[in-house]
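Residues per chain are reported as follows:
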Amino acid sequence: MMSAELGERERTVLRIIGDACDRKGQDSIKLEEVSERFKIAGFNINDVMDVLYRLEDLGLIRLEIIGYSTIIHITDKGRGIYRSL
């Protein structure tokens, strides 16, 4: 898969997730930690969840729900595409 196959919304969400993971030096981030960035980018929570599920279906991220927290894990495939954006 190439980054060109992703829509603008998917690229934006993947970029926000990748940037946040890079800043933390980790491969995962809590949704709560990036929710403000999604709002700034013009997304509401329903938009974000739709895009996250699509990215998960494509194998670019993995979602883990623990209690009330959603943890977003970026996969190696997702990191490769993020780096190409």
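Fair warning: this is a prediction, and the values are worked out from it, not measured in the lab.

Asker: Before we move on, can you summarise the sheet that holds strand 1 (residues 28-30) with the specific residues and values?
Answerer: Strand order in the open sheet made by the three strands is 1-3-2, with antiparallel pairing throughout. Bordering the open sheet on either side are strand 1 and strand 2 (61-66), each of which pairs with just one other strand. Each adjacent strand pair in this sheet contributes to an overall mean axis angle of 25°, direction not counted. Taken together, the three bridges between strand 1 and strand 3 (residues 69-74) define a ladder with antiparallel strand orientation. Pairing of Lys 30 across the sheet is with Ile 71, part of strand 3. Most of the contacts of helix 1 (residues 8-24) go to strand 1, to which it runs at about 105°, and overall it touches strand 1, strand 2 and strand 3. The strands touched by helix 3 (residues 45-57) within the sheet are strand 2 and strand 3, with strand 2 carrying the most contacts at an inclination of about 120°.

Asker: Pulling in residues and values, what's your account of the pattern of salt bridges?
Answerer: Per the stated rule, a full pass over the model turns up seven salt bridges. Glu 33 is the salt-bridge partner of Lys 24, the closest N and O atoms lying 3.3 Å from each other. Judged by relative accessible area, which is 37%, Lys 24 ranks as partly exposed. The partner of Asp 27 in a salt bridge is Arg 79, and the shortest N-O contact between them spans 2.9 Å. Pair noted here: Asp 27 is in the loop between helix 1 and strand 1 and Arg 79 is in helix 4 (residues 76-84), with a separation of 52 residues, a long-range link. We classify Asp 27 as partly exposed; its relative accessible area is 44%. One salt-bridge network, in which partners are shared between bridges, spans Asp 22, Asp 27, Arg 79 and Arg 83.

Asker: An account of the packing of helix 1 against helix 3 is needed here, citing residue identities and associated values.
Answerer: Any two packed helices are characterised by how steeply their axes cross, that is the angle between the axes, and by the distance between the axes. At a minimum axis distance of 10 Å, the contact between helix 1 and helix 3 shows a crossing angle of 85°. Viewed along their axes, helix 1 and helix 3 adopt a mutual orientation that is roughly perpendicular. Here Arg 9, Glu 10, Val 13, Leu 14 and Ile 17 of helix 1 lie close against helix 3, whose contacting residues are Asp 47, Asp 50, Val 51, Leu 52, Arg 54 and Leu 55. Among the residues forming the contact of helix 1 with helix 3, the class breakdown is six nonpolar, no polar and five charged.

Asker: Account for the nonpolar core, naming residues and giving values.
Answerer: Core analysis: the largest hydrophobic core is formed by 24 residues, its most contacted members being Leu 14, Ile 17, Phe 38 and Leu 52. For this core, the secondary-structure elements that each account for two or more residues are helix 1, helix 2 (31-40), helix 3, strand 2, strand 3 and helix 4. Of the residues forming this core, the biggest block, six residues, is contributed by helix 1. Filtering out sequence-adjacent residues up to four positions away, Leu 14 remains in contact with Leu 6, Leu 55, Leu 60, Ile 61, Ile 74, Gly 78, Ile 81, Tyr 82 and Leu 85.

About the thresholds
Residues numbered from 1 in each chain as written. Predicted model: local features only at pLDDT ≥ 70, side-chain atom pairs only at ≥ 80, totals over all residues. Heavy atoms only, no water. Pairing = 2+ DSSP bridges. Helix = DSSP H or I, 4+ residues; strand = E, 2+ residues; numbered from the N terminus. Axes fitted to C-alpha atoms, helices over the stretch in contact; angles between N-to-C directions. Contact = heavy atoms within 4.5 Å. Salt bridge = Lys/Arg side-chain N within 4 Å of Asp/Glu carboxyl O. Buried < 20%, exposed > 50% of the residue type's maximum accessible area, 1.4 Å probe, protein only. Parallel < 35°, antiparallel > 145°, perpendicular 65-115°, else oblique. Nonpolar A, V, L, I, M, F, W, Y, C, P; charged D, E, K, R; others polar. Core = buried A, V, L, I, M, F, W, Y, C linked by side-chain atoms within 4.5 Å.

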